[in-house]
Each structure stands twice: as C-alpha cells, then as structure tokens.
Amino acid sequence: MQNKAGLIVLIGLFLTLSGCAGVAKFLSELEDSDPEGVFSSTGAVWAYAPIFPSTKYVPWTGGCSIDPDVDLKAFRDAPTKATRHGKKAHEWQEYAKTQGFTAEWITSQAELESPGPEGQNFSRFSTSVSGKGEYDLQLLADDCAWAYLDGQRVALQGTQKTYSDSYPVRLNGTHKLDVIVYDGGGIGGLMFSLDTRPREARQATQN
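First, a word on what this report is: a plain description of the structure on this page. (Residues numbered from 1 in each chain as written. Predicted model: local features only at pLDDT ≥ 70, side-chain atom pairs only at ≥ 80, totals over all residues. Heavy atoms only, no water.)

Some points on the pattern of salt bridges
The line we're drawing: Definition used for salt bridges: Asp or Glu carboxyl oxygen within 4 Å of a side-chain nitrogen of Lys or Arg. Secondary structure elements follow DSSP: runs of H or I of four or more residues count as helices, runs of E of two or more count as strands, with numbering from the N terminus.
For the coordinates displayed, the defined rule picks out six salt bridges. With its nearest N and O atoms 2.8 Å apart, the salt bridge here joins glutamate 104 to arginine 84. Note that glutamate 104 is positioned in the loop between α2 (91-97) and β5 (106-107) and arginine 84 in strand β4 (residues 83-84), a separation of 20 residues in sequence.

Observations concerning the state of the cysteines
Filter applied, for reference: For the purposes of this analysis, a disulfide is any pair of cysteine sulfur atoms at a distance within 2.5 Å. We call a residue buried when its accessible area falls under 20% of the maximum for its residue type, exposed when it is over 50%, and partly exposed in between, using a 1.4 Å probe and counting protein chains only.
By the definition in use, this model includes one disulfide. The disulfide partner of cysteine 64 is cysteine 144, and the gap between their sulfur atoms is 1.8 Å. Sign of the S-S torsion, about 85° for the bond between cysteine 64 and cysteine 144, identifies this disulfide as right-handed. One end of the pair, cysteine 64, is in the loop between β2 (46-47) and β3 (80-81); the other, cysteine 144, is in strand β7 (residues 144-149), with 80 residues separating them in the sequence. Take cysteine 144: its relative accessible area is 1%, and that puts it in the buried class.

Observations regarding unusual backbone geometry
Residues apart from glycine generally show negative phi values, whereas peptide bonds are mostly found in trans. The omega torsion across valine 58 and proline 59 is -5°, close enough to zero to call that bond cis. Within the fold, proline 59 resides in the loop between β2 and β3. Between aspartate 142 and aspartate 143 the backbone carries a cis peptide bond, its omega angle lying at 20°. You can see aspartate 143 is positioned in the loop between β6 (120-141) and β7. The residue glutamate 118 is not glycine, and still its phi comes out positive at about 55°. By secondary structure assignment, the location of glutamate 118 is in the loop between β5 and β6. Given a relative accessible area of 54%, glutamate 118 falls into the exposed group. Although it is not a glycine, aspartate 150 sits at a positive phi angle of roughly 55°. Tracing the sequence through the fold places aspartate 150 in the loop between β7 and β8 (152-157).

Focus on the packing of aromatic side chains
What counts, and what does not: Between 30 and 60 degrees the pair is tilted, below 30 it is stacked and above 60 it is edge-to-face, where a pair is any two Phe, Tyr or Trp rings, Trp via its six-membered ring, whose centres lie within 6.5 Å. Put simply, a charge is over a ring when the Lys NZ or the Arg CZ is close to the ring centre, within 6 Å, and near the line of the ring normal, within 35 degrees.
Taken as a whole and judged by the stated rule, the model has seven aromatic pairs. Centroid distance tyrosine 57 to tyrosine 182: 5.5 Å. Interplanar angle 85°. Geometry classified as edge-to-face. Within this pair, whereas tyrosine 57 is found in the loop between β2 and β3, its partner tyrosine 182 is found in strand β9 (residues 166-184), the two being separated by 125 residues in sequence. The class of tyrosine 182 is buried, set by a relative accessible area of 0%. An aromatic cluster is present here, built from Tyr57, Phe122, Trp146 and Tyr182 joined pairwise through their rings. Against the face of tryptophan 46 rests lysine 81, its NZ or CZ located 5.3 Å from the ring centre.

Structural notes on the pairing of β8
The side chains of a regular strand alternate, residue by residue, between the two faces of the sheet. Rule in force here: The pairing criterion for strands is at least two bridges between them, as found by DSSP.
Looking at chain direction, β7 and β8 are connected through five bridges and run antiparallel. Within β8, the position partnered with leucine 149 by the bridge is glutamine 152. The antiparallel hairpin formed by β7 and β8 contains two residues in its connecting segment, where aspartate 150 sits at a positive phi of about 55°.

Structure (structure tokens):
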C-alpha cells in the first residue's frame with residue numbers, strides 16, 4: 001500500500017509540473033527501462049552522427065565487409081542519446097520476437113529512414129555493460145553491423161541474418177560496448193540485448 005501511495009503522490013507531482021503528456025512519457029520510460037543486469041537498446045545508449053560514404057555502394061551490399069570502411073575513431077562528433085522508436089517500429093522486430101528476442105529499435109537520428117546517398121551511411125552506438133562471466137549478445141541491425149567490446153570486435157552481422165543472432169562475450173567488470181551499423185537504404189538502426197543476470201532470474205522473467 002505504501003508503494004502505491006508513493007506512486008500516486010509522484011504522479012500528482014508530475015501532473016502539476018508537466019501536465020498529462022509529461023506523466024505519460026515518464027510512466028512509459030519507467031515501464032520500458034532495463035531490469036538490473038540487462039543492457040539493451042532500451043537503456044542509456046549514445047549515438048554519433050552518421051558518416052556517409054564518399055560515393056554510394058553499387059550494389060548496396062558493398063558496404064557489408066569483414067571490417068567496416070570506417071572505424072570507431074572516425075566518429076568525431078559529440079554523441080547524443082540514441083532515438084528510441086519502441087518495440088514495433090521495424091517489421092523485423094516481429095520476426096525476432098517469435099524467436100525470443102525483444103528490444104527497442106533505435107537510430108542515430110530522429111527519423112527511422114536512413115540518410116545519405118541512396119540512404120547509405122555508417123552509424124555508431126555506444127553504451128556501458130558490466131558483469132562477470134560468459135554471456136550472449138543478441139543483435140539485429142539494418143543492414144550490417146560490427147560490435148566491439150573495449151575496441152575489440154566480438155560480433156559481425158552480415159547480410160544473412162536469422163533475426164535472433166547472438167554472439168558470445170566474456171565480461172570481467174565494466175566494459176564499453178560499441179556497435180557500428182551500415183545501412184544500405186530504407187530504414188536504419190538496430191536493436192540489441194545483453195542479459196547478465198543469473199540463469200534463475202532470466203527464467204523467472206520468461207515464465
């Protein structure tokens with residue numbers, strides 16, 4: 001009862017300060033925040049301004065290679081918070097959900113549509129992750145992606161994807177997770193999730 005009373009007081013305060021729209025946004029962010037031990041595109045992710053290729057790739061798949069044509073150091077602009085589009089923004093999210101992978105779709109700019117020549121660009125996303133042990137990074141990007149842990153590549157998503165691709169990572173404390181995404185046109189962005197909770201906690205949320 002005390003928790004409910006506190007929540008009512010908090011809602012009343014936000015109604016006074018921000019109006020109904022502000023309260024709705026606040027409650028939505030509370031609902032969509034990551035549980036402790038989960039690091040995903042729902043949480044605090046930073047994004048850098050996209051980098052456009054000097055000439056467009058023909059075919060567009062030319063931007064998908066073993067290593068991206070731009071590296072982490074190429075993104076020199078100050079990062080800003082990634083734009084969150086929710087869990088139903090991209091049609092691929094529905095396919096991923098059927099295979100047990102759910103997260104928010106994020107982009108480096110306000111729009112879902114990818115900027116650049118023919119919509120081609122490279123974007124970078126960064127966040128902190130922490131844990132100790134072996135875990136799986138789930139990643140789905142439009143179109144290709146390279147993930148790095150403390151600057152070392154740990155994942156490569158090519159043009160062939162299963163909508164629930166996962167990659168093993170070893171954590172020993174706090175690390176920096178970076179993802180470079182190449183988009184060949186249309187909708188850009190990605191979703192990811194790294195769950196470092198004990199197995200019992202993970203199973204409890206799935207039941």
